[in-house]
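# Inside the fold
This is what each chain is made of:
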Amino acid sequence: MDDAVTVLRQEFEATEGSFLLGLRGAGLEWDRVAYRRLERAMREVCERLQDEDRLERWMAEGFYCTSRFVRDWTSHPNFPRPEPERYYEDCLQRLDDLADWFFHGFHMYAEPHVWPDL
């Protein structure tokens, strides 16, 4: 869990090499590897914290902002999208699902649920 929390802090602070910085940087790049790293860290944190009554503010802000920012920023017509449109739709839905899971303490899928790689 410590590794996932470290990844989330780096992502939510948009440090060098993070998915979020890549979206906003000069290249306007959707980095699939960086997205996967962010998504897996978010999923691990959701799983570990789903029974907790209190959540750290920086994490709550990060989950909330990430699910909204990525959709808003990448939906601009000038944002480059070299992958099939379905890939982006699935990734954005995943971020929404993870934010819901984080805040509610459960996800909307019947168990056992396998989160497919995107």
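For the structure itself, consult the block above.
Let me sum up the structure you'll find in this document. Starting afresh in each chain, residues are numbered from 1 along the sequence in its written order. Only residues with pLDDT of at least 70 get local features here, since the model is predicted, and only at 80 or more are side-chain atom pairs given and counted; chain-wide, interface and lining totals rely on the full set of residues. The side-chain figures draw on all heavy atoms in the structure; neither hydrogens nor water molecules are used.

### Section: the nonpolar core
The biggest cluster of nonpolar side chains holds 32 residues, and the ones touching the most others in it are Leu 8, Phe 19, Trp 30 and Phe 63. Every residue in contact with Trp 30, bar those within four places of it in the chain, is listed here: Phe 19, Leu 23, Tyr 35, Val 70, Thr 74, Phe 79, Tyr 87, Tyr 88, Cys 91 and Leu 92. Residues belong to one nonpolar core when they are buried, are Ala, Val, Leu, Ile, Met, Phe, Trp, Tyr or Cys, and are joined through side-chain atoms within 4.5 Å. Between buried and exposed lies partly exposed: a residue is buried under 20% and exposed over 50% of the maximum accessible area for its type, with that area taken using a 1.4 Å probe on protein chains only. Residues count as neighbours in contact if any of their non-hydrogen atoms are within 4.5 Å of one another.

### Description of the packing of aromatic side chains
Two aromatic rings, drawn from Phe, Tyr or Trp (for Trp, its six-membered ring), form a pair once their centres lie within 6.5 Å of each other, and the interplanar angle then sorts them: stacked below 30 degrees, edge-to-face above 60, tilted otherwise. Scanning all chains against the criterion turns up 13 aromatic pairs. With 4.1 Å between their ring centres and 5 degrees between their planes, Phe 63 and Phe 102 make a pair best called stacked. Of this pair, Phe 63 sits in helix α4 (residues 57-74) while Phe 102 sits in helix α5 (residues 85-104); the two residues are 39 residues apart in sequence, bridging distant segments of the chain. Residue class for Phe 63 comes out buried when judged on its relative accessible area of 0%. An aromatic cluster is present here, built from Phe 12, Trp 58, Phe 63, Phe 102 and Phe 103 joined pairwise through their rings. Over the ring of Trp 58 we find Arg 9, and its NZ or CZ is 4.0 Å from the ring centre. As a reminder, the over-ring test applies to NZ of lysine and CZ of arginine, requiring each to be within 6 Å of the ring centre and within 35 degrees of the ring normal. The ring centre of Trp 73 lies 5.8 Å from the NZ or CZ of Arg 24, which sits over that ring. Elements are defined by DSSP. Helices are runs of H or I of four residues or more, strands are runs of E of two residues or more, and each kind is numbered from the N terminus.

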